[in-house]
Amino acid sequence: NQHVSINMQTMIDPRWLVTGGGLAAIIAALWGYWTYRLRKLNAALLHLSNTDSLTGLANRQKLSSCMAEAMIRSHQHSLPFSVMLFDLDNFKKVNDTFGHLAGDAVLQALRFIAAKALRPQDTPGRWGGEEFLVLLPDTASDEAVALAEKLRNSVDEYEFPDGLHCTISIGVAQMLPGDTPVSLVHRADTALYRAKKEGKNRVVQG
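Residues numbered from 1 in each chain as written. Predicted model: local features only at pLDDT ≥ 70, side-chain atom pairs only at ≥ 80, totals over all residues. Heavy atoms only, no water.

1. Some thoughts on the overall build of the protein chain
When helices and strands are tallied, the protein chain shows eight helices and five strands. Its helices and strands in sequence order give the protein chain the pattern α-α-α-α-β-α-α-β-β-α-β-α-β, from N to C terminus. Sorting the 206 residues of the protein chain into buried and exposed places 38% on the buried side. Restricting to contacts in the protein chain with at least 6 residues of sequence separation, those with at least 24 account for 67%. (Helix = DSSP H or I, 4+ residues; strand = E, 2+ residues; numbered from the N terminus. Buried < 20%, exposed > 50% of the residue type's maximum accessible area, 1.4 Å probe, protein only. Contact = heavy atoms within 4.5 Å.)

Put into structure tokens, the structure is as follows:
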């Protein structure tokens with residue numbers, strides 16, 4: 001008890017801060033705490049900068065970065081890589097008829113639909129407006145089309161808020177030699193345009 005008492009007295013003695021190394025210990029503790037807080041803050045800011053605020057999915061910036069990395073990996077290891085670009089059919093009518101809050105709810109629901117229909121390794125994100133891009137690593141076109149059909153069907157069968165029935169059209173494209181992110185997405189976008197033109201609520205391979 002006497003030993004403990006002496007230690008406690010020493011710790012609360014201001015002279016211990018300088019002579020006993022207490023100041024250095026406090027500075028080290030504070031430095032560790034603020035370093036930890038700074039790492040947490042930076043992680044949170046990075047997440048916000050890469051996330052679409054409405055849907056919680058990856059935003060265009062994050063998708064572009066992931067796609068570039070995936071295409072490099074695909075080229076280096078001779079692995080297939082595909083993307084699907086999908087768009088909500090007649091979405092303007094939803095906003096005009098039921099209001100933008102209902103439209104936002106539809107966009108938010110796509111996050112949960114995609115989570116169930118896609119694989120853990122796939123990266124869905126909001127490309128812009130009501131258009132979404134999904135990155136499909138190690139996936140050739142046939143498998144990509146099958147995944148797209150699964151996603152399309154899941155949206156078609158989903159019970160959206162306010163009794164809304166929504167569908168999507170999907171364009172699928174596999175990476176080819178010489179492709180860039182721009183050319184790959186362009187082929188998926190061309191396929192999506194064909195899907196819209198051919199009647200919507202369908203998958204077209206580009």
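2. Description of the packing of helix H6 (residues 100-117) against helix H7 (residues 141-157)
In the contact formed by H6 and H7, the axes pass within 9 Å of each other and the chain directions differ by 135 degrees. When the interaxial angle is binned, H6 and H7 end up oblique. Remark: the crossing between H6 and H7 carries right-handed chirality. Along its contact with H6, which presents Leu110, Ile113, Ala114, Lys116 and Ala117, the element H7 presents Leu147, Lys150, Leu151, Ser154 and Val155. (Axes fitted to C-alpha atoms, helices over the stretch in contact; angles between N-to-C directions. Parallel < 35°, antiparallel > 145°, perpendicular 65-115°, else oblique. Left-handed = near helix turned anticlockwise from the far one by under 90°.)

3. Remarks on the sheet that holds strand E4 (residues 168-174)
If you walk across this open sheet you meet the five strands as E2-E3-E1-E4-E5, and the pairing is mixed. Looking along the sheet, the strands with just one partner apiece sit at the ends: strand E2 (123-128) and strand E5 (203-205). Across the sheet, the mean angle from the axis of one strand to that of its neighbour is 20 degrees, orientation sign disregarded. For E2 and strand E3 (residues 131-137), the ladder comprises five bridges, and the chain directions are antiparallel. (Pairing = 2+ DSSP bridges.)

4. Examining the packing of aromatic side chains
Under the criterion given, the structure shown has two aromatic pairs. Centre to centre, the rings of phenylalanine 86 and phenylalanine 132 are 5.2 Å apart; their planes meet at 10 degrees, and the pair counts as stacked. Pair noted here: phenylalanine 86 is in strand E1 (residues 81-88) and phenylalanine 132 is in strand E3, with a separation of 46 residues, a long-range link. By the burial criterion, phenylalanine 86 is buried, and phenylalanine 132 matches it. When the centroid spacing of 4.8 Å and the interplanar angle of 70 degrees are considered together, the rings of tyrosine 158 and phenylalanine 160 count as edge-to-face. (Phe/Tyr/Trp six-rings, centres within 6.5 Å; stacked < 30°, edge-to-face > 60°.)

5. A short note on the side chain of serine 82
Position of serine 82 relative to the elements: it lies in strand E1. Setting aside anything within four residues of it in sequence, one finds serine 82 in contact with Val134, Leu135, Leu136, Thr139, Ala140, Ser141, Ala144, Ala173 and Gln174.

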